[in-house]
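Structural characterization, general
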Amino acid sequence: MKSIEGRVAIVTGAARGIGLATAKKLSDAGARVVINDLDEAEAISAGEQIKGAEVFCADLTERDSGDRLVDFAVDRLGGIDILVNNAGYIWHSAIHNMTDDQWDAMLDIHVSAQFRILRAYGKWLRANADRNSHFRKVVNISSTMGLHGGATQLAYSAGKAAVVGLTKTLAKEWGRFNVTVNAVAFGAIETRLTSPYETEPNIAIVKGEERKVGLSLQQIEENKNASPLGKIGSPEDAANAIYLMCIPESDWITGEVLLASGGVRS
Ligand SMILES: NC(=O)c1ccc[n+]([C@@H]2O[C@H](COP(=O)([O-])OP(=O)(O)OC[C@H]3O[C@@H](n4cnc5c(N)ncnc54)[C@H](O)[C@@H]3O)[C@@H](O)[C@H]2O)c1
């Protein structure tokens, strides 16, 4: 097995959940990792769990965050070989209750933030591309909601569908720079977004605001039953799927959406 020893990886939204598991996985495989998150204390704590990790705390919906993140990684670790665009959260409503703020917030974090990071990375790539070097890897995180839709998840689903468009376009633009660009679309993974509740949704604080998160016990059972594997994925299952798109063995795969859903196809 070839390795990613010494490669520099950025993982956004890496203070917890899928991002944290991915940062650990890439680090265990030899990568030097930059962790980003909005939540400073959790990001610092995550950084302490990962040998040599550099921590960049920032809200990626701030317009200059993408440029600052790329500059930080280049400055601290000398380049960027792997970029995992993972940061995100949920703010759901049926369409008749969905506010403009809600719509804008979902598109902002799931599409515009990815766009600004990718634009900053693209500028760096143009100056630093080397066709004789190893392939670099971009992995953008989408969702089954972006592929199949999900009731009450209009803005989130639209954002996650847009991730597919970003991915397929940049795969075409960046192939000549030896960069593969793929998306991983997850089904239900056990994180705070899907934390179980009995009657009322759980609350996550995102940017100081309360957001309803979680799956009811009934939804969790339905999700398990929908999977031929009979379970919801763990953050480590999710990280493993991302890892596949980061290793040299996936160098011939670009512009794809890897469905990592335990076989759930709707
Ligand atoms: N958990 C699932 O079932 C599931 C399914 C499909 C897709 N996803 C996607 O996977 C990604 C990770 O989600 P998770 O389940 O690990 O959730 P999580 O809440 O455990 O972790 C997401 C992290 O992103 C960070 N974040 C949110 N907004 C940010 C911002 N503006 N700037 C910087 N960091 C920000 C949060 O602080 C948090 O630490 C998200 O894009 C999510 O939409 C999750």
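Just above, that's the structure.
Residues numbered from 1 in each chain as written. Predicted model: local features only at pLDDT ≥ 70, side-chain atom pairs only at ≥ 80, totals over all residues. Heavy atoms only, no water.

**Some details on the packing of aromatic side chains**
Any pair of aromatic rings gets described here by the distance separating the centres and the angle formed by the planes. Applied cut-off: Within 6.5 Å between ring centres, the rings of Phe, Tyr and Trp (the latter by its six-membered ring) count as paired, and their orientation is classed by plane angle as stacked under 30 degrees, edge-to-face over 60, tilted in between. A helix here means a DSSP run of H or I that spans at least four residues, while a strand means a run of E at least two residues long, and both kinds are numbered starting from the N terminus. With a 1.4 Å probe rolled over the protein chains alone, any residue whose accessible area is under 20% of its type maximum counts as buried; one over 50% counts as exposed, and the rest are partly exposed.
Using the criterion set out here, one finds three aromatic pairs in the structure. Aromatic side chains Y121 and W174 sit 5.8 Å apart centroid to centroid with 85° between the ring planes, which places their arrangement in the edge-to-face category. On the criterion of sequence distance, the pair formed by Y121 in helix α4 (residues 100-128) and W174 in helix α6 (residues 154-174) is long-range, its members being 53 residues apart. This pair shows no difference in class: Y121 is buried, exactly as W174 is. Of the aromatic side chains, those joined through ring pairs into one cluster are Y121, W124 and W174.

**Some points on the pattern of salt bridges**
For clarity, the cut-off: Basic side-chain nitrogens of Lys or Arg form a salt bridge, by our definition, when they fall within 4 Å of a carboxyl oxygen of Asp or Glu.
Overall, the coordinates contain 10 salt bridges when judged by the stated rule. With a closest N to O distance of 3.8 Å, E221 and K224 form a salt bridge. Separated by three residues within a single helix, E221 and K224 lie in helix α7 (residues 217-226), roughly one turn from each other. Note on E221: relative accessible area 41%, which makes it partly exposed. Each of R16, D39 and E42 takes part in a single network of salt bridges with overlapping partners.

**What to know about the sheet that holds strand β3 (residues 54-57)**
Just so we agree on the cut-off: Strand pairing is assigned whenever DSSP identifies at least 2 bridges connecting the two strands. The axes used here are C-alpha line fits, helices contributing only the stretch in contact, and every angle between their N-to-C directions lies in the interval 0 to 180 degrees. The contact rule is simple, with two residues in contact once any of their heavy atoms fall within 4.5 Å.
Ordered by their spatial adjacency, seven strands build an open sheet running β3-β2-β1-β4-β5-β6-β11, and the pairing between neighbours is parallel. Two strands lie at the open edges of the sheet, namely β3 and β11 (257-260), each paired on one side alone. Strand-to-strand twist in this sheet, taken as the mean axis angle between neighbours without regard to direction, amounts to 20°. Both strand β2 (residues 32-37) and β3 contribute to a ladder of four bridges, which runs parallel. Among the inter-strand pairings, N36 is bridged to a residue of β3, identified as F56. Seen against the sheet, helix α2 (residues 40-49) touches β2 and β3 and runs at an angle of roughly 170° to β3.

**Some details on the environment of Q49**
In plain terms, the rule: N or O atoms closer than or at 3.5 Å make up a polar contact, with two conditions inside protein: a donor-capable atom paired with an acceptor-capable one, and, for residues adjacent in sequence, both atoms drawn from side chains.
On the secondary structure map, Q49 appears in helix α2. Considered as a pair, Q49 and A23 are 26 residues apart in the sequence and their alpha carbons are 9.9 Å apart. Filtering out sequence-adjacent residues up to four positions away, Q49 remains in contact with L20 and K24. Separated by 2.9 Å, the side chains of Q49 and K24 make a polar contact.

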